[in-house]
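Listed below are the residues making up each chain.
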Amino acid sequence: MLHLFPGQLGHFFVVTAFVFAGASALAYFLGLRSENPEDSKKYTRFGRTFFLIHAVSAVGTVVMLFWIIYNHYYEYHYAWSHSSNNLPVYYMISCFWEGQEGSFLLWIFWHVVLGSLLIILHPKWEAPTMMVFMMVQAFLGSMILGVILPGIQLKIGSSPFILLREFMQDAPIFATNPDFVPEDGTGLNPLLQNYWMVIHPPVTFLGFASCLIPFSFLIGALVKKDYKGWVSYALPWSLFAVFFLGLGIIMGGYWAYETLNFGGYWNWDPVENAVYIPWLVLVASVHTLFMSRTYGKSLKASMILVVATFSLILYSTFLTRSGVLGDTSVHSFTDLGLSGQLLIYLLFFVGLSIFLLARNWKSVPDQSKELNSYSREFWVFIGVFMLILASFQVLMTTSIPVFNTILNNLGISSNLAPPADPMAHYGTAQLWFAVGISVLSALGPFFWWNRLDWTSFKNHVTLPLIISLLGSSLIMLLWGIQNISYILLLTCAIFAISANLFTLQKLYKAGLRLTGGSIAHIGLAILLIGILFSSGYSRTVSQNLSGKIYHEEFSDEMNLKNVLLWRGKTYQMGEYSLTYLGPRVETRYGSEMIDRDKIIQTSDPNFVIIENEVEPGSEIPKQSVDTVEIIAENNYYEIEVSMENGKRFTLFPRAQINPDMGGLLASPDVKKFFNRDLYAHVSSIVNPEEPVEWKNETSLRIKIGDTIFLKDHPAVFEKMETIEEIAGHQLSDGDVGVKARIRIFGPGEEEFIEPIFIIHDQMIGRLPDESIGLGLRLTLMEILPDENLFVFKFQSTQADYVILKAMEKPWINLLWGGTLLCLFGVILSMSRRFKDLKTD
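What you see is a predicted model; the values in this text were computed from it and never measured.

(A) Quick look at the overall build of the protein. Per the secondary structure count, the protein includes 22 helices and 29 strands. Each principal axis of the C-alpha distribution contributes one length, and for the protein these read about 115 × 75 × 55 Å. A buried classification covers 54% of the 840 residues belonging to the protein. Across the protein, the fraction of contacts at a sequence separation of at least 24, relative to all contacts at a separation of at least 6, is 68%. Positive and negative side-chain charges in the protein, numbering 57 and 72 respectively, have mean positions lying 19 Å apart.

Encoded structure:
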């Protein structure tokens with residue numbers, strides 16, 4: 001039975017939200033333009049009412065889409081393409097925003113929340129700000145409208161409520177059975193099955209959504225011609241946006257660090273850059289807003305940067321959702337035919353901003369005077385200029401696919417290519433910008449809080465400068481740092497820390513609320529030192545010292561900077577001793593690791609039976625057998641690590657064979673130490689999906705008590721014993737069953753192989769037993785009682801192994817700790833500015 005009502009209701013909510021967003025924007029505009037106070041209030045009330053209808057409809061859309069995903073209504077394309085039966089609820093939440101339509105809906109939802117707060121907190125600015133909010137909501141709503149205009153057959157938006165049969169109209173199954181519903185969905189992208197993907201996208205989209213608030217205050221101010229009043233409101237909300245967008249960026253970096261296997265937390269992927277660019281400009285706008293709020297200066301610069309921030313948010317949306325990055329980014333959205341709408345969305349608000357700025361430019365008060373090196377405004381502008389340059393360098397390179405598309409559409413052949421080595425291209429330039437930003441973050445607070453003259457300046461910087469020179473010299477000697485750019489960054493970062501600590505000491509006496517800027521600058525400097533060491537001095541410790549290559553088809557990187565670990569054998573890797581213990585699967589609930597070789601598959605791959613385990617020398621099972629739900633697609637590889645200092649721990653790197661995503665998907669496991677991380681992932685495994693090929697058949701004639709060698713492993717034929725049941729099934733009267741017990745002394749723990757010989761209805765049956773880890777199999781072929789001999793068939797295959805890459809990331813905790821400290825400083829500044837801002 002098709003569940004059509006949730007989709008119909010959801011689509012009704014989408015259309016309603018779109019219509020009333022436009023109606024609300026129009027009502028607020030009329031209220032803003034009306035010269036009659038009574039009419040203005042009337043239109044504003046209409047706008048608020050329409051907003052409430054829009055808000056209820058948007059929330060209703062969210063509820064309906066999640067209801068469809070949660071109940072596995074696979075007649076809907078969105079549920080089928082993003083979820084599956086065995087996903088836990090928290091990953092169903094990730095399914096909601098994995099697709100374009102869901103992420104647009106998340107964005108709309110945050111605008112509803114923020115718009116409600118604006119109405120409550122700033123009623124005097126309701127009409128001008130909500131006018132802009134609702135225009136944006138109308139554009140975003142059109143992205144998920146999913147309607148076709150009659151006559152011209154123009155499709156507007158992509159509906160999350162489209163049925164699978166409507167999306168796949170040419171599929172043969174729907175020609176024969178229009179009501180066909182798949183039993184399961186295609187599932188969530190395995191790389192997104194991570195707890196960070198439950199919280200990272202909402203936080204990032206809250207950052208995106210909050211960038212609209214300062215933009216709305218600015219546009220409203222230009223319409224009202226209130227060129228100063230908007231700044232007091234825009235500043236705390238800009239800090240709010242800096243916090244959440246920055247938090248979203250670092251969450252994404254940490255997700256990449258523990259989920260992807262490129263060995264870091266930032267890969268300069270175009271989608272990463274598309275968030276980083278507007279965040280830099282947003283930070284720059286905060287500094288000019290500080291000047292405008294405190295001294296009434298830099299109003300024009302603040303206006304330009306606020307517009308630039310929101311424009312870059314729209315541009316990044318176009319980049320990641322139009323399909324233009326399809327060949328250059330590993331995680332951009334595919335084009336759903338929205339590129340035209342996205343371009344109109346971008347051009348409309350950029351055009352509107354330019355028009356209003358140009359019309360009001362001469363009326364904006366300009367209190368700037370001639371700048372000199374001791375003026376606050378001079379150093380703020382230098383810092384802003386540095387941030388803009390840093391963002392511009394990333395913007396230009398990231399936009400190469402856009403440039404190519406524009407030129408090709410103009411008939412001009414363009415073959416501009418993105419950098420072959422993005423890490424070197426972006427990293428080298430951004431490092432020098434980081435040097436400049438470190439110096440400015442050290443000097444900026446001095447010029448902000450102190451008397452501006454040479455003597456004061458000299459007294460302020462002398463001691464921090466001495467500390468930075470001594471500190472960096474000591475670290476250079478200890479670490480052997482010789483790269484001049486690294487030396488400069490380290491020295492300048494220590495200078496920023498020490499200078500801001502002195503400023504912090506003075507400001508703390510006046511109250512914690514004044515220390516936000518200095519704390520944020522200290523956190524930024526610590527963060528940069530963490531990046532310097534964790535990236536610049538990351539060291540591969542998994543060196544192949546055997547003198548042999550693993551495979552001629554492997555790259556030099558694979559052959560030289562990975563270690564081959566046979567199951568049960570110990571490999572020395574620097575100060576670490578590694579022992580691969582075997583593959584494991586994870587239970588769905590409880591996150592318990594189970595030996596994959598000790599499970600019995602059922603008809604459902606997500607449910608397995610754990611074999612009875614028997615204590616060596618005992619006939620009594622340790623535990624009953626239960627059916628356990630597992631996460632079937634993921635395989636973990638247990639690696640026991642012991643260190644020279646006696647510490648022991650276990651790593652569980654994850655891997656999955658996924659042909660649709662290029663084969664092996666490996667995720668690292670990370671062991672954290674105070675001064676470093678040990679970061680390890682598998683580079684090659686025995687494919688668990690491929691059937692085992694047993695070969696090299698040999699016949700063995702042995703007696704009980706004999707010792708033999710199986711693939712160089714000593715083994716003892718201990719005994720024969722009768723059995724009464726097999727796999728829980730009782731043998732019939734007249735049947736005979738016996739089991740041989742062979743103890744194998746492998747490189748790790750002892751193992752037992754127990755092949756079974758059965759006589760049933762005068763027919764012989766043989767059940768072989770095997771050790772996948774050792775790559776051997778025994779079948780009891782004959783019993784020769786007259787000679788007291790037993791004939792076994794021995795077969796072998798490739799023993800189990802993993803090829804592992806391991807790296808040390810020195811002082812990476814400085815990166816995470818510095819980030820948290822920086823964000824804490826932003827919180828302090830934000831709370832201060834919200835307290836200074838009296839509610840209307």
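Next comes the rest of the account.
(B) Region of interest: the sheet that holds strand β28 (residues 789-796). With antiparallel pairing, 4 strands are arranged side by side in an open sheet as β17-β28-β27-β26. Looking at strand neighbours, the two that pair on one side only are β17 (695-702) and β26 (769-771), the edges of this open sheet. The sheet shows a mean angle of 25° between the axes of neighbouring strands, direction not considered. Of the strand pairs in this sheet, β26 and strand β27 (residues 776-784) are connected by 3 bridges, and their pairing is antiparallel. When the sheet's bridge partners are listed, Asp 769 is paired in β27 with Leu 778.

(C) Summary view of the sheet that holds strand β10 (residues 627-629). Pairing is antiparallel across the open sheet formed by 3 strands, whose spatial order is β8-β9-β10. Edge strands, defined here as strands with exactly one partner in the open sheet, are β8 (599-601) and β10. Geometrically, the sheet is characterised by an average inter-axis angle of 40° between neighbouring strands, direction not taken into account. Bridge count for β8 against strand β9 (residues 607-610) is 3 bridges, and the pairing is antiparallel. Bridging across to β9, Gln 601 finds its partner in Val 608.

(D) Fine view of the environment of Ala 21. Locating Ala 21 in the fold gives a position in helix α1 (residues 4-33). Between the alpha carbons of Ala 21 and His 54 there is a distance of 5.9 Å; along the sequence they are 33 residues apart. In this view, Ala 21 contacts His 54, Met 134, Gln 137 and Ala 138; residues no more than four positions away in its chain are not counted.

(E) Expanded view of the pattern of salt bridges. Enumeration over the complete set of coordinates arrives at 22 salt bridges. The salt bridge partner of Asp 597 is Arg 567, with a shortest N-O separation of 2.7 Å. In this pair, Asp 597 sits in the loop between β7 (593-595) and β8 while Arg 567 sits in the loop between β4 (563-566) and β5 (570-573), placing the two residues 30 residues apart along the sequence. Classification of Arg 567 as buried rests on a relative accessible area of 11%. Via salt bridges that share partners, Glu 718, Lys 719, Glu 721, Lys 739, Arg 741, Arg 743, Glu 750 and Glu 754 belong to a single interconnected network.

(F) A look at the domain arrangement of the protein. By domain assignment, the protein separates into domain 1 (1-188), domain 2 (556-689 + 803-810) and domain 3 (695-796). Contact with domain 2, which involves 7 residues of that partner, is made by 8 residues of domain 3. Here domain 2 packs against domain 3, burying approximately 580 Å² in sum over the two surfaces, 49% of which is carbon and sulfur. Where domain 2 meets domain 3, there are 0 salt bridges. Applying the counting criterion to the domain 2 and domain 3 interface returns 0 residue pairs in polar contact (both at pLDDT 80 or more).

(G) Highlighting the environment of Ser 84. As for its position among the elements, Ser 84 is in the loop between α3 (77-82) and α4 (89-98). Assessed through its relative accessible area of 13%, Ser 84 is described here as buried. Residues Ser 84 and Thr 49, 35 residues apart in the sequence, show an inter-C-alpha distance of 39 Å. Filtering out sequence-adjacent residues up to four positions away, Ser 84 remains in contact with His 72, Tyr 74, Asp 184, Gly 185 and Gly 187.

(H) Quick look at the pairing of β5. Every second residue of β5 is oriented toward a common face, the buried set being Tyr 571 and Met 573 and the non-buried set Thr 570 and Gln 572. Summarising the sheet, β5 and strand β6 (residues 576-586) pair through 4 bridges and their orientation is antiparallel. Directly across from Tyr 571, in β6, lies its bridge partner Leu 578. The hairpin formed by β5 and β6 contains 2 residues between the paired strands, and Gly 574 there has a positive phi angle of roughly 65°.

(I) Spotlight on unusual backbone geometry. One non-glycine residue, Ser 298, adopts positive backbone phi at about 60°. Classification of Ser 298 by relative accessible area gives buried; the value is 6%. A positive phi angle, close to 50°, is found at Lys 711, a residue other than glycine. Its place among the elements puts Lys 711 in the loop between β18 (707-710) and β19 (713-722).

(J) Region of interest: the pairing of strand β15 (residues 669-672). With 4 bridges joining them, β15 and strand β16 (residues 676-685) adopt antiparallel strand pairing. Following the sheet pairing, Lys 672 is matched in β16 by Asp 677.

(K) Expanded view of helix α20 (residues 516-536). Taking 1.5 Å as the rise per residue, α20 with 21 residues should run 30 Å; its terminal C-alpha atoms sit 29 Å apart, in good agreement. Burial within α20 is extensive, with 15 of its 21 residues counted as buried.

(L) A look at helix α16 (residues 400-409). Those residues of α16 that fall on the buried side of the exposure criterion are Ile 400, Pro 401, Val 402 and Asn 404. Backbone geometry just after α16 places Gly 411 at a positive phi near 85°.

(M) Quick look at the confidence of the model for the protein. Averaged over the protein, the pLDDT score is 88; the fraction of residues at 70 or greater is 93%. Contacts for the low-pLDDT stretch residues 614-624, under 50 throughout, to residues beyond four places or in other chains number 15 contacts.

(N) Just the packing of α20 against helix α22 (residues 812-836), in detail. Their axes nearest at 7 Å, the elements α20 and α22 cross at an angle of 165°. Relative to α22, the element α20 lies roughly antiparallel. Relative to α22, α20 is oriented so that their crossing is left-handed.

About the cut-offs
Residues numbered from 1 in each chain as written. Predicted model: local features only at pLDDT ≥ 70, side-chain atom pairs only at ≥ 80, totals over all residues. Heavy atoms only, no water. Helix = DSSP H or I, 4+ residues; strand = E, 2+ residues; numbered from the N terminus. Buried < 20%, exposed > 50% of the residue type's maximum accessible area, 1.4 Å probe, protein only. Contact = heavy atoms within 4.5 Å. Lys, Arg positive; Asp, Glu negative; His and termini not counted. Charge placed at Lys NZ, Arg CZ, Asp CG, Glu CD. Pairing = 2+ DSSP bridges. Axes fitted to C-alpha atoms, helices over the stretch in contact; angles between N-to-C directions. Salt bridge = Lys/Arg side-chain N within 4 Å of Asp/Glu carboxyl O. Domains from an automatic or database assignment. Buried area = accessible area lost by both parts, 1.4 Å probe. Polar contact = N/O pair within 3.5 Å; in protein donor to acceptor, adjacent residues only side chain to side chain. Expected span 1.5 Å × (residues − 1). pLDDT = per-residue confidence, 0-100. Parallel < 35°, antiparallel > 145°, perpendicular 65-115°, else oblique. Left-handed = near helix turned anticlockwise from the far one by under 90°.

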